[in-house]
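Structural overview for review
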Amino acid sequence: MSRLMMGLVGMLAAPMALASKWNMPVGVTETSREVYDLHMLIFWICVVIGVGVFGVMFYSVFAHRKSKGAKPADFHESTTVEIIWTVIPFVILIAMAIPAAGTLMRMEDVSGSEMTVKITGYQWLWEYEYLDSDVHFYSRLAPSSDAARQLDSGIDPATVDNYLLEVDNRLVLPVDTKIRFLLTANDVLHAWWVPDLALKKDAVPGFVREIWTKIDEPGVYRGQCAELCGRDHGFMPIVVEALPKDEYEQWVASYGSESMTDAVVDAGTPAATAPTTGPGALYTDKESAVDSDDSEASAETSGETEVAQADASSKPAAADTASGDISKATLMADGEKVYAQNCAACHQPSGKGMEMANFPALIGSPIVTGDPATQIKQVLKGKAAMPPFAYLTDQQIASVVTYTRNSWGNDSGVVQPAAVKAQR
Amino acid sequence: MSHAADHHDDHHHGPATLSDGFGKWAMRWISTTNHKDLGTLYLWFSFLMFFVGGAMALVIRAELFQPGMQFVDPEFFNQMTAMHALIMIFGAVMPGFVGLANWMIPMMIGCSDLALPRVNNWGFWILPFAFTILISTLFVPGGAPAAGWTMYPPLSLQTSNAFPMLIFAIHLMGISSITGAINVVVTILNMRAPGMTLLKMPLFVWTWLITAYLLIAVMPVLAGAVTMLLTDKYFATSFFSAAGGGDPVMFQHIFWFFGHPEVYILILPAFGIVSTIIPTFARKQLFGYDSMVYATASIAFLSFIVWAHHMFTAGMPIAAELFFMFSTMLIAVPTGVKVFNWVATMWRGSMTFETPMLFAIAFVFLFTIGGFSGLMLAIAPVDFQYHDTYFVVAHFHYVLVPGAIFAIMGGVYYWLPKWSGVMYNETAGKWHFWLTTIFVNVTFFPMHFSGLAGMPRRIPDYAVQFADFNMIASVGAFGFGFSQFIFLWIVIQACRRKGEAATARVWEGAHGLEWTVPSPAPYHTFETPPVVSDAEVTAVHDEPAHA
Amino acid sequence: MATHAAIEDQYFVPAPSWWPFALTAALFVLVHGIVGYLNGTGFGTIPSIVGVIGVITMVVVWFRGVIAESEGGLYGAQVDRTYRWAMGWFIFSEVMFFAAFFGALFYARMYSLPWLGGDLPATNEVLWSGFEFTWPSNGPAALGGAFETIPAWGIPFLNTCLLVASGVTFEAAHHALKEDKRGRTLAFMVATIALGAIFLFYQAEEYVEAYSHLNLTLGSGIYGSTFFMLTGFHGMHVTLGVIMLTVVTVRIAFGHFTTDRHFAFEAVGWYWHFVDVVWIGLFIFVYVV
Ligand code: HEA
Ligand code: HEA
Ligand code: CUA
Ligand SMILES: [Cu+2]
């Protein structure tokens, strides 16, 4: 029990000391601060009640024991007492409910927003569309984290900047602006959550939820998908980069006509498009107990080093390439893995698809048995409910395409990475 | 009737044991209609499932020991999470309580058996079959269900071959629970010995009566929900698909209409057990008996109108969010009444601290901590931050493990001498208690912190800043798990009748009809209704018994 | 002890019995059959058939046993009360099962469809532009294509009359039984069964019509889903009810039951009335409104 006490004491001391590690972040919006205050209010009320109740109980445990010769009293009911300890908690609850209701109503009020971003969850990436400009891109786990998080990758997560909390393309937003988000999902439920904004809402396929935020301070704020969405639920982070308004405008302008796939293929942060004004170079994380030196390095490196790492992870294939084409066996073996990780959720391990969800079967599909170029294009660019997979390497795409073309009875030939590269 | 005549036999010769030959012995357990036999079967089944579900938890904790993926594929991790919860809830806790109900309710209200003994047998034997189906999903193509125990669509519809097995296993468990619950209700309403009026019933009986009503009301709703999942996947319906006019969130509403009362199903019998143990070892009558009954009933009633507190982030009209926030907070009132009554029962008692009492006190302490975090979760705007993080995981393990599981363990220690006729090993019991209590906190307390700091639940890998707390939790989990072997050993010793003979009363302060029969309780008790004396059911006993 | 007739002071505790275990085993086999069928593993047919036969056999065996015990006078008044309570709460659990599906219907009509149709403006604008809330509906994607519904005041209304009438004939049979008029009891029971059977016949015809002419199927969005699931489960309950009615009728013909002890008969009646009430709910909420 002493250990528990230590824990308890630790929790009490928490808000003062290692805030971000022990407690909820205060965050950078008015809402998040309100939420934090509410959290602490309820917490302290519970502590006080707890100390009272447990105090009486443990006093009794120590004082009223038989070994000390305590004789049992014989009282066993009192309506007055029952009424008192019904009414008092009730009053306390009302005292909690009033501020809670106020905060809740403010959080739900999306009126007066100045810009809108549509967010769509996919298995397992996010799509961002800025409805007031033509900024539009996909955002997924940064390659460095992705390499490290593979089973037995041999990479120590501690060596990876912002392990699991970094993306290839960050969501760049202006500060001091009421931003409305339209949240939906493409396949299954996801939830978009950034603790520093105190913003969490489920993304429900077929429905749109409206939420809003108004960020006070520039910085990088990290979050994660917070609704179980299948195999890689743990690997679809969210990174918001809040810029001063003018820099944000600049960013939008420089984003320009760049097409979304190119942005993805670059596998760089948005900063890569405007390297000199890149936010990573200017701001560091608000709340990051462990890695305070993060964003600078990661923003810079995510373009190059991490891609290199990803390449390194496909070493065996590289050896094959040296001697010309990759063997079918290698492609099939790699393809099976790529398929299991990226495609099986929808098209099923059996390749039969899911009729109900309109995920077509790949067995005998005209696209899989027809011209490889069509299929490569579909995998690169996505189509309708199917997300684009351009972030996969040429080799990975070649393997998975080969795999689908030669599994479950399909027999439609081999595709080499060069063919994919040609179609990028 | 020849069947009825057989009954004669076992009455005279006692039930078959292994020495009568394996076949006879097996047939005894397969065909038994005796509430004590079935209670034993339920309890052993529950224990087995506790280990299986616990082993899965250990897989989870092993993978989460440090950041990075070390042991399992993420998909398998998700399978473990879902199966762990399903097995613990439907396989360990619920059958555990039903086992205790089987053993104790007839002995507490003075009747010969449950009202429908054959149905009782059916209710039990469904379970091994249902769990065989559920657990065998681990070996089918595509693996076990991996969409959490909550089975939210559309994700759950992506389950491959395991899907129909999951659904039918749940249907079978539902049948088992409903038959069991009807049996309990009928037994309590119809079989009480003369003089055992409703307001003289032990609280364990009361809480079970109310639990049984919850079960009858919500298990069919769960059956309906999973049936809709089944037809959505295989028969083209669109209950949970917007394209056809349905809504994935609709599943959540139906599921939690079941699910929230379900969590009280997992705690009300525990309240009953604790309300039985504390007065015994405080040697003082339970404080506020009537208010305990009303509080239990209020909790049960409220449990039907709070379900959407699990869905604050799913998106609801603001009025609904406010309503569910307020109604959820209200549950703290009757629960508080219970906690205060327990404390008042201890107050100025004459307490001793045998193992059952230790578990009961730890229950009051730790369950209340879980209740406090529940109250924090009830505050909708803050729940947006807590939801789907380890803070929630910490909350529900506090109410489930040192809540439900501790109560079951306490109950087992409390009644084991009555069942087996021998005292368990008290030293071993104390070791078991202290190790369990320390480790349960080492396991689950840090989860509050990692949750608040932002660690989502249901993830196989996490950012490095959560590493410390996860490492502590994993150490705790293994410690907790291995401590349970002490418990296993204690129970086996008792079953082998190793130990000091127990008196009929067993505990000095115990009162109630179950203590008026010898220990071990004969195979048949109260074939003719006993005389219920007020002294027995309401007053404290001062005749000396096992000290 | 248990061999004595009508023991009033001792509750009947049945001897050990293998029926429940065998019933469960049969269910287990059946589940494997259905799973095999749904998963297309080609393993389904044989276990399904074996399972169904097993389940039916075991239900028959079990109920025959219960009937024999009852007729053997083993059930005292307390056992009678047990069965009453048990049947009552069993029916309550059935009510809750239907409640889940009614809940789905109400939710779709009151929330999800209006939201899709513009009550959640963003949903309507961004995802399903142009979709308007109507009922019946197969959703914004018009799943299953255009369909027509079955008009309430045709067969469904007739069916309502049939079921209500069957409730009345059942009560008439009950009165006759209480007055020990076996002939009249039988006649009314046959009428009840016939009404139930005709109901089922029309219901089947309605399904055929829906599938073959109206393009109304299980796949017709939320309307088709709720329509067929509600009426389908109700239909299954009517079927079960008719079977149970038949069983008690046969028992009456065999001279079972007395004027004051005939709970099996009453239980079937409760069940039948429950099926009746559910239908009225269905008629109102599925067909009329
Ligand atoms: C035994 C099971 C059990 C019990 C008893 C409870 C009890 C409570 N639970 Fe918990 N809960 C679960 C099991 C349980 N829960 C599970 C399994 C989940 C997660 C499911 C999943 O998602 O997988 C969950 C999740 C859960 C959520 C959803 C969180 C989320 O996903 O975002 C919420 C939100 O409101 C909640 C609230 C409560 C409340 C208010 C109580 C109350 O009943 C607690 C009342 C008790 C007290 C408050 C303490 C004693 C009272 C006093 C001493 C009186 C004075 C006190 C005050 C006035 C403060 N629970
Ligand atoms: C009554 C219910 C109950 C109980 C008793 C437990 C007990 C435990 N649970 Fe819990 N758990 C849930 C109900 C329960 N759980 C629920 C509902 C969820 C949510 C699931 C979801 O998200 O869908 C959950 C989720 C859950 C998670 C989160 C997973 C995730 O989000 O991905 C974790 C992580 O640590 C966890 C851990 C534990 C541990 C360490 C125990 C320990 O108490 C277990 C103790 C261990 C043992 C008893 C093991 C003994 C066995 C051995 C030592 C090995 C020998 C083995 C054999 C012989 C087979 N559980
Ligand atoms: Cu997306 Cu979890
Ligand atoms: Cu709840």
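Residues numbered from 1 in each chain as written. Chains lettered and ligands numbered in written order. Predicted model: local features only at pLDDT ≥ 70, side-chain atom pairs only at ≥ 80, totals over all residues. Heavy atoms only, no water.

1. Looking at the site of ligand 1
Stated precisely, the cut-off is as follows: Summary of the distance rule: residues count as near a molecule or strand when at least one heavy atom falls within 4 Å of that molecule or strand. Polar contacts here mean pairs of N or O atoms no more than 3.5 Å apart (in protein, one a potential hydrogen donor and the other a potential acceptor; neighbouring residues in sequence count only if both atoms are side-chain atoms). In this count, Pro and Cys sit with the nonpolar residues alongside Ala, Val, Leu, Ile, Met, Phe, Trp and Tyr, while Asp, Glu, Lys and Arg are called charged and the others, Gly among them, polar.
Looking at ligand 1, there are 32 residues lining it, with B:Tyr264, B:Asp383, B:His387, B:His395 and B:Arg457 nearest. Those residues lying near ligand 1 are distributed over chains A and B. With respect to ligand 1, the side chain of B:Asp383 contributes an N or O atom lying 2.5 Å from an oxygen atom. Contact between ligand 1 and B:Arg457: an oxygen atom at 2.8 Å from a side-chain N or O atom of the residue. Taken together, the residues of the shell around ligand 1 sort by class into 20 nonpolar, ten polar and two charged.

2. So, a nonpolar patch on the surface
Residues and elements named next belong to chain C. To be explicit about the condition: Without a salt bridge and with relative accessible area above 30%, a residue can belong to a patch; like charges are then joined within 9 Å and nonpolar side chains (Val, Leu, Ile, Met, Phe, Trp, Tyr) within 5 Å. Using a 1.4 Å probe, accessible areas were evaluated by the Shrake-Rupley method; residue-level cover was limited to the displayed protein chains. By convention in these notes, a salt bridge is any Lys or Arg side-chain nitrogen within 4 Å of a carboxyl oxygen on Asp or Glu. Working definition: helices are DSSP H or I runs of at least four residues, strands are E runs of at least two. Numbering for both runs from the N terminus.
Taken together, the side chains of Phe106, Met110, Tyr111, Trp153, Phe157, Val164, Val168, Ile280, Ile284, Phe285, Val288 and Val289 make up a nonpolar region of the molecular surface, amounting to roughly 1100 Å² of accessible area. Mapped by element, the contributors of at least two residues to the nonpolar patch are helix H3 (77–119), helix H5 (155–178) and helix H8 (263–288). With four residues, the single largest contributor to the nonpolar patch is H8.

3. Focus on unusual backbone geometry
Basically, it comes down to this: Relative accessibility decides the category of a residue: with a 1.4 Å probe and only protein chains considered, values under 20% of the type maximum give buried, values over 50% give exposed, and everything between is partly exposed.
In this chain, B:Pro153 is followed by B:Pro154 through a cis amide linkage whose omega measures -5°. Residue B:Pro520 follows B:Ser519 across a cis peptide bond; omega there is -5°. Its location among the elements puts B:Pro520 in the loop between helix H17 (467–495) and helix H18 (534–538). Positive phi, close to 55°, is recorded for A:Asp152, a residue that is not glycine. Locating A:Asp152 in the fold gives a position in the loop between helix H5 (143–148) and strand S4 (171–174). When its relative accessible area of 58% is taken as the criterion, A:Asp152 is described as exposed. Despite not being glycine, A:Asp176 shows a phi value in the positive range, around 55°. As for its position among the elements, A:Asp176 is in the loop between S4 and strand S5 (179–185).

4. Things to note about the packing of helix H5 (residues 117–136) of chain B against helix H1 (residues 19–39) of chain C
The following threshold applies: Axis lines are fitted to C-alpha atoms, over the contacting stretch for helices. Their N-to-C directions set the angle, which ranges from 0 to 180 degrees. Angle categories are assigned with fixed cut-offs, so that under 35 degrees is roughly parallel, over 145 is roughly antiparallel, 65 to 115 is roughly perpendicular, and the rest are oblique. In this scheme the crossing of two helices becomes right-handed for a clockwise turn of the near helix relative to the far one and left-handed for an anticlockwise turn of less than a right angle. Whether two residues touch is decided by their heavy atoms; if any such pair falls within 4.5 Å, the residues are in contact.
The contact between H5(B) and H1(C) brings their axes to 8 Å, and the two run at 30°. Classified by the angle between their axes, H5(B) and H1(C) sit roughly parallel to one another. Seen from above, H5(B) lies across H1(C) with right-handed handedness. On H1(C), the residues touching B:Arg118, B:Asn121, B:Trp122, B:Trp125, B:Ile126, B:Phe129, B:Thr132 and B:Ile133 of H5(B) are C:Trp19, C:Pro20, C:Phe21, C:Leu23, C:Thr24, C:Ala25, C:Leu27, C:Phe28, C:Val31 and C:His32.

5. Quick look at the domain arrangement of chain C
Residues and elements named next belong to chain C. Stated formally: The start and end points of each domain follow an automatic or database-based domain assignment. Summed over both partners, the accessible surface that disappears when two parts come together, traced with a 1.4 Å probe, is what is meant by buried area.
Along its sequence, chain C is carved into domain 1 (1–75) and domain 2 (77–288). On a C-alpha basis, the centres of domain 1 and domain 2 stand 26 Å from each other. Opposite the eight residues of domain 1 that make contact, domain 2 presents nine residues. Approximately 810 Å² of surface area, both sides summed, lies buried where domain 1 meets domain 2, with 53% of it carried by carbon and sulfur atoms.

6. Structural notes on helix H6 (residues 182–214) of chain C
Residue and element names in this part refer to chain C. Cut-off, in case you're wondering: An expected span of 1.5 Å times one less than the residue number is assigned to each helix.
Along its 33 residues, H6 runs 46 Å from first to last C-alpha, staying within 8% of the 48 Å computed at 1.5 Å per residue. Restricting attention to buried positions, one finds in H6 the residues Thr185, Met189, Thr192, Ile193, Leu195, Gly196, Phe199, Gln203, Glu206, Ala210 and Leu214. On its buried side, H6 packs onto H5, helix H7 (221–253) and H8. Just downstream of H6, Asn215 is the residue with a positive phi angle, here 55°.

7. Thoughts on the nonpolar core
Generally speaking, a soluble globular protein has its nonpolar side chains buried in company with each other. Quick reminder of the rule: Put simply, buried Ala, Val, Leu, Ile, Met, Phe, Trp, Tyr and Cys residues joined by side-chain atoms within 4.5 Å make one nonpolar core.
Of all hydrophobic cores here, the largest spans 339 residues; its most connected members are B:Phe90, B:Trp208, B:Trp342, B:Phe363 and B:Trp415. Other than its neighbours up to four places away in sequence, B:Phe90 contacts B:Pro95, B:Phe131, B:Trp149, B:Met173, B:Met219, B:Leu222, B:Phe258 and B:Glu262. Counting 41 residues, the second-largest nonpolar core is a separate cluster that includes A:Val175, A:Tyr221, A:Cys225 and A:Val252.

8. Notes on the pattern of salt bridges
In this structure the tally under the stated criterion is 23 salt bridges over all chains. The partner of A:Arg231 in a salt bridge is B:Asp73, with the nearest N and O atoms 2.8 Å apart. Here A:Arg231, found in the loop between strand S9 (219–225) and strand S10 (237–243), pairs with B:Asp73, found in the loop between helix H3 (35–63) and helix H4 (74–109), and the two come from separate chains. Between B:Asp37 and B:Arg28 there is a salt bridge, with the nearest N and O atoms lying 2.6 Å from each other. Given the relative accessible area of 15%, B:Arg28 is considered buried. A single network of salt bridges, built from pairs that share partners, joins A:Asp146, A:Arg149, A:Arg231, A:Asp232 and B:Asp73.

9. Remarks on the sheet that holds strand S7 (residues 199–203) of chain A
Residue and element names in this part refer to chain A. The criterion, for reference: For two strands to be treated as a pair, DSSP must find no fewer than two bridges joining them.
In space, the five strands of this open sheet follow the order S4-S10-S9-S6-S7, with mixed pairing throughout. Two strands in the sheet have a free side with no partner beyond their single neighbour: S4 and S7. Ignoring strand direction, the axes of neighbouring strands in this sheet form an average angle of 25°. Summarising the sheet, S4 and S10 pair through four bridges and their orientation is parallel. Within S10, the position partnered with Val172 by the bridge is Glu241. Along the sheet, helix H6 (residues 245–255) contacts S4 and S10; its crossing angle with S4, the most-contacted strand, is approximately 135°.

10. Points about the site of ligand 2
Residue and element names in this part refer to chain B. Surveying the vicinity of ligand 2 reveals 34 residues, the closest of which are Arg61, His84, Trp149, His397 and Arg458. The side chain of Thr81 places a nitrogen or oxygen atom 3.1 Å from an oxygen atom of ligand 2. Going through the elements one at a time, H3, H4, helix H15 (390–420), helix H16 (426–452) and H17 are the ones with two or more residues in the shell around ligand 2. Ranked by the residues each element gives to the shell around ligand 2, the list is headed by H3, at eight residues. Residue composition of the shell around ligand 2, by class: 24 nonpolar, seven polar and three charged.

11. Let's talk about the coordination of the iron atom of ligand 2
Residue and element names in this part refer to chain B. Worth spelling out the cut-off: Distances define the donors: N, O and S atoms within 2.8 Å of the metal qualify, as do those within 3.2 Å of Na, K or Ca. Water is excluded, so some sites may look unfinished. Think of it this way: with four donors and all angles in the 85 to 135 degree range, the site is tetrahedral; with four or six donors, opposite ones beyond 155 degrees and the rest between 65 and 115, it is square planar or octahedral; otherwise it is irregular.
Taken together, His84 (NE2) and His397 (NE2) make up the protein donors of the iron atom of ligand 2, found 2.0 Å from the metal. Given six donor atoms and angles of 87 to 180° at the metal, the environment of the iron atom of ligand 2 is assigned as octahedral. Of this pair, His84 sits in helix H4 while His397 sits in helix H15, and the two are 313 residues apart along the sequence. The two residues His84 and His397 agree in class, both being buried.

12. As for the coordination of the iron atom of ligand 1
Among protein atoms, the single one acting as a donor to the iron atom of ligand 1 is B:His395 (NE2), 2.2 Å away. Position of B:His395 among the secondary structure elements: in helix H15.

13. Comments concerning the confidence of the model for chain C
Residues and elements named next belong to chain C. Short version of the rule: pLDDT is a per-residue confidence score from the predictor, ranging from 0 to 100.
A residue-level look at chain C finds 97% of positions with pLDDT of 70 or above and a mean pLDDT of 90. Counting contacts from residues 1–6, a segment whose pLDDT is below 50, to residues more than four positions away or on other chains yields 13 contacts. Among the prediction metrics, the complex's ipTM stands at 0.90, with pTM recorded as 0.88.

14. Quick word on the interface of chain C and chain B
Contacts between chain C and chain B engage 69 residues on the former and 71 residues on the latter. Interface of chain C and chain B: buried area, both sides summed, is about 6000 Å²; carbon and sulfur atoms make up 75% of it. Counting across the chain C and chain B interface gives one salt bridge. Joining chain C to chain B, the criterion identifies 17 residue pairs in polar contact (both at pLDDT 80 or more). Ranked by residue count, the leading element in the side of chain C that touches chain B is H3(C), at 21 residues. For the side of chain C that touches chain B, the residue count by class is 50 nonpolar, 17 polar and two charged.

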